[in-house]
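Structural overview for review
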Amino acid sequence: MSVILGVNHQFLYPGAMTDAETHTRTLQKAAELRDVAALDCWMWPEPRRAEEERRVLRDSGKKINYNIGDRPMDEPCFPASPDASRRRRTLEIYLREIGYALNVGAKKIVLGSGPDVPEDRPGAKERFAEFLMRLGKELPEDVTLALEPTDRTIDKHFLFGPAAETAEFIREMRANGLPNLGMLLDMGHVPIMGETLSSAVQGAAETLVHVHLGNCVVKNPQSPFYGDKHVAWGAVDSEYGEKEAAEFLRLLNQAGYFQKEDCTVSFEMRPIEGLSPEESLRAFVGVWEKSMPGLPVSKE
């Protein structure tokens, strides 16, 4: 058993977030990376381009952790919206993305909870639960949905939320008929959720099914990278460097995550200032190797 190391395509190559040609070109580059065995990614939702990218991913030999979320050409997603028509439109987008995910053989599908509804959070959670149950009907038993909590007050303003609260929701969903739901804990979201690395890992507990290694800026609201922008470790005004990365990995190891079957860990950060994406990834992997010597890892 070994940890499957991956990287998030759109943050390693930030131009891929908004430009179709850049998305396809850099996805090909990501598929050829030798430092990782998995890609956290999504396909550009235009039929011809999606087919081209599907071939890239299927031919890559890499494990795909497929990310569902807002796309440049779509209405922003709102799974727990009080407006039934808005929820239906979001469902159509998510079902399209699940189709793409299954078409490239993804076994983990990552999604967020979408916007918070502070004035009626219990009602929003009920609507989101119904939304997830509908998605679950489309999934084979061996495909996991990974719910990724983030902030409620700084940047994303999402429904979930603190790690322990998210974990409790996941346990309820599992008990009510969605056993293949788990949590993705993103290191870079921990400060903007108002948590510590220790409290977040303890809160996620046994619901953890995927991990992102990352960083964020919260000290300087004037920074263009304030909030959930996935800066590299050690970036100006950021929260985490190599020391904190090592501590997070130690906590995950202590919690038993690295002993789980199908254990996936992906770097989700922008390139280090002054380095290329590929050089940055090698530096990120170097931090892993220095922090976790002797731990079996799949990198290609």
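Just above, that's the structure.
What comes next concerns the included structure. (Residues numbered from 1 in each chain as written. Predicted model: local features only at pLDDT ≥ 70, side-chain atom pairs only at ≥ 80, totals over all residues. Heavy atoms only, no water.)

**So, the overall build of the chain**
Along the backbone of the chain there are nine helices and nine strands. Radius of gyration (C-alpha) of the chain: 18 Å, near the 19 Å computed for a compact globule of 300 residues. The principal-axis extent of the C-alpha atoms belonging to the chain is close to 50 × 45 × 45 Å. For the chain, the proportion of its 300 residues judged to be buried stands at 57%. Within the chain, contacts between residues at least 6 apart in sequence are counted, and of these 72% link residues at least 24 apart. As displayed, the chain has an accessible area near 12600 Å², and 49% of this comes from carbon and sulfur atoms. Each charge class in the chain can be summarised by its mean position, and for the 36 positive and 47 negative side chains these summaries are 2 Å apart. (Helix = DSSP H or I, 4+ residues; strand = E, 2+ residues; numbered from the N terminus. Rg over C-alpha atoms; globule rule 2.2 N^0.38 Å. Buried < 20%, exposed > 50% of the residue type's maximum accessible area, 1.4 Å probe, protein only. Contact = heavy atoms within 4.5 Å. Areas by Shrake-Rupley, 256 points an atom, 1.4 Å probe, with all protein chains shown as cover. Lys, Arg positive; Asp, Glu negative; His and termini not counted. Charge placed at Lys NZ, Arg CZ, Asp CG, Glu CD.)

**Observations concerning the pairing of strand β2 (residues 38-41)**
Burial along β2 is two-sided: A38 and D40 facing one way and L39 and C41 facing the other are all buried. Pairing of strand β1 (residues 3-8) with β2, which is carried by three bridges, proceeds in the parallel orientation. Pairing of V7 across the sheet is with L39, part of β2. Where β2 lies against strand β3 (residues 63-67), four bridges are found, and the strand directions are parallel. (Pairing = 2+ DSSP bridges.)

**Considerations on the nonpolar core**
One finds Y66, L132, W233, F258, V265, F267 and W288 to be the most contacted residues of the largest nonpolar core, which totals 87 residues. Discounting residues that sit within four places of it in the chain, F258 has contacts with V3, L249, L252, N253, C263, V265, W288, M292 and L295. (Core = buried A, V, L, I, M, F, W, Y, C linked by side-chain atoms within 4.5 Å.)

**Here we look at the packing of aromatic side chains**
Applying the stated criterion across every chain, the model contains ten aromatic pairs. An angle of 25 degrees between the planes, with centres 5.7 Å apart, marks the rings of W42 and W44 as stacked. As far as burial versus exposure is concerned, W42 and W44 are alike and both buried. Judged by centre distance (5.8 Å) and plane angle (80 degrees), the rings of W233 and F284 are edge-to-face. Of this pair, W233 sits in the loop between β7 (208-213) and α8 (242-254) while F284 is found in helix α9 (residues 277-291), placing the two residues 51 residues apart along the sequence. F284 carries the same exposure label as W233, and that label is buried. The structure contains a cluster of three or more aromatic residues connected by ring pairs, namely F128, F160 and F169. It is K156 that lies over the ring of F158; its NZ or CZ is 5.6 Å from the centre. (Phe/Tyr/Trp six-rings, centres within 6.5 Å; stacked < 30°, edge-to-face > 60°. Lys NZ or Arg CZ within 6 Å of the ring centre and 35° of its normal.)

**Examining the side chain of K63**
The residue K63 is located in strand β3 in this model. Assessed through its relative accessible area of 19%, K63 is described here as buried. A distance of 3.1 Å separates a polar atom in the side chain of K63 from a polar atom in the side chain of D262. Beyond its immediate chain neighbours, meaning those up to four positions away, K63 contacts I4, A37, A38, L39, K107, D262 and T264. (Polar contact = N/O pair within 3.5 Å; in protein donor to acceptor, adjacent residues only side chain to side chain.)

**Description of the environment of I4**
Summarising the element assignment, I4 is placed in strand β1. Spatially, the C-alpha atom of I4 lies 6.2 Å from that of V265, the residues being 261 residues apart in sequence. Setting aside anything within four residues of it in sequence, one finds I4 in contact with A37, A38, K63, D262, C263, T264, V265 and S298.

**With respect to unusual backbone geometry**
At the junction of F160 and G161, the peptide bond is cis and its omega measures out at 0 degrees in the coordinates. Tracing the backbone through its elements, the reader meets G161 in the loop between β5 (144-147) and α6 (163-175). The backbone of H157 shows a phi angle near 55 degrees, a positive value even though the residue is not glycine. One can find H157 in the loop between β5 and α6. By relative accessible area, H157 is classed as partly exposed at 37%.

**Focus: helix α2 (residues 20-31)**
In this model α2 runs 17 Å from its N-terminal to its C-terminal C-alpha over twelve residues, within 8% of the 16 Å that 1.5 Å per residue would give. Among all positions of α2, only A20, T22, H23, T24, T26, L27, A30 and A31 are buried. Where α2 is buried, its residues meet α1 (9-12), β2 and α3 (47-60). One side-chain oxygen at the N-terminal end of α2 lies 3.4 Å from the backbone nitrogen of E21; it belongs to D19. (Expected span 1.5 Å × (residues − 1).)

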